[in-house]
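Survey of secondary and tertiary structure
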Amino acid sequence: MKTADYAQTKDEQNEQSYAFAANAILETVDNQGGNTLALTSSNTNKEGQWAVAANIADKLRSHCRVLLIYVTPQGDGEIAVKDGVAKADNPSPEKLGAFLKEKKETADILLLCLPPVRLYAQALEYAKMADKLYLVERTCHSTYGDFEKTLGLLSTYDIHPAGTILYR
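Source: prediction; values computed, not measured. (Residues numbered from 1 in each chain as written. Predicted model: local features only at pLDDT ≥ 70, side-chain atom pairs only at ≥ 80, totals over all residues. Heavy atoms only, no water.)

1. Re the overall build of the chain
Counting its secondary structure elements, the chain contains 5 helices and 7 strands. Counted from the first residue to the last, the chain has its helices and strands arranged as α-β-α-β-β-β-α-β-α-β-α-β. Here the chain has a C-alpha radius of gyration of 16 Å; the compact-globule value for 168 residues is 15 Å, and the two agree. Dimensions along the principal axes, computed over C-alpha positions, put the chain at roughly 65 × 40 × 30 Å. Counting over 168 residues, the chain shows a buried share of 43%. Pairs at least 24 residues apart make up 69% of the contacts formed inside the chain by residues separated by at least 6 positions. Carbon together with sulfur atoms contributes 49% to the accessible area of the chain, which is approximately 9,300 Å² in total. (Helix = DSSP H or I, 4+ residues; strand = E, 2+ residues; numbered from the N terminus. Rg over C-alpha atoms; globule rule 2.2 N^0.38 Å. Buried < 20%, exposed > 50% of the residue type's maximum accessible area, 1.4 Å probe, protein only. Contact = heavy atoms within 4.5 Å. Areas by Shrake-Rupley, 256 points an atom, 1.4 Å probe, with all protein chains shown as cover.)

Structure follows, in structure tokens:
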């Protein structure tokens, strides 16, 4: 008798992980309230973090209205929205706050993708605007020391992550 091969491909594992993260986020919103969620990391891996955020947002969109907002640490302060995705190029905290307040009326979830809080001071200000913060960490890329320093910094500013999303 031949046994079935239940091993998942990397893509299948990733899809399952994105769905799990989206469900955990939905559960947090349903049980604890708040609709402004932020994703940040302890290290620089913008492309990976942005891909994770986009995939989670896609999973969330099958359940609710989501506005994904990429916040970059460089730029002229402009915020542009296209096709359910916003790009905020180094906005002032006041400008981002006003934008979030405006968009809360039209989206069930605002998903902020922030620069690493340990490396960009302004990202801490953005993180304070979120109802919940999640750390997005890449296995074998983010070190435990980076992660520990990030948690310490967040704790200093009385910001407590709701969870951590690991990806490969």
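2. Comments concerning the sheet that holds strand S6 (residues 132-138)
In space, the 7 strands of this open sheet follow the order S3-S4-S2-S5-S1-S6-S7, with mixed pairing throughout. Sheet topology places strand S3 (79-82) and strand S7 (163-167) at the edges, where each strand pairs with a single neighbour. Adjacent strand axes in the sheet meet at a mean angle of 20 degrees, parallel and antiparallel pairs treated alike. Alignment of S6 against S7, held across 5 bridges, turns out to be parallel. Its bridge partner lying in S7, Val136 is registered against Ile165. (Pairing = 2+ DSSP bridges. Axes fitted to C-alpha atoms, helices over the stretch in contact; angles between N-to-C directions.)

3. Points about helix H1 (residues 10-32)
Within an α-helix, residues lying three or four positions from one another point in the same direction, as the helix has 3.6 residues per turn. For H1, spanning 23 residues, the distance from its first C-alpha to its last is 32 Å, which sits close to the expected 33 Å at 1.5 Å a residue. One or two positions beyond H1, positive phi appears at Gly33, with a value near 75 degrees. (Expected span 1.5 Å × (residues − 1).)

4. Points about the pattern of salt bridges
On inspection of all chains with the given rule, the structure shows 8 salt bridges. We note a salt bridge from Asp89 to Lys87, for which the minimum N-O separation is 3.4 Å. (Salt bridge = Lys/Arg side-chain N within 4 Å of Asp/Glu carboxyl O.)

5. Digging into the environment of Arg138
Its place among the elements puts Arg138 in strand S6. On the basis of relative accessible area, Arg138 is assigned to the partly exposed category, the value being 34%. Along the primary structure Arg138 and Ala80 are separated by 58 residues, whereas in three dimensions their C-alpha atoms are 28 Å apart.

6. Structural notes on the pairing of strand S1 (residues 36-40)
The buried count for S1 comes to 5 of 5 residues, which makes it a mostly enclosed element. The alternating pattern of S1 places Thr36, Ala38 and Thr40 and Leu37 and Leu39 on opposite faces, both of which are buried. Two elements, S1 and strand S5 (residues 109-113), share 4 bridges in a ladder whose sense is parallel. By the bridge assignment, Ala38 is partnered in S5 with Leu112. In this structure, S1 lies alongside S6, joined through 4 bridges in parallel fashion. Within the sheet, the bridge partner assigned to Thr40 lies in S6 and is Leu135.

7. Notes on the environment of Ala51
Along the chain, Ala51 falls in helix H2 (residues 46-61). Here the alpha-carbon distance between Ala51 and Thr36, two residues 15 residues apart in the chain, equals 19 Å.

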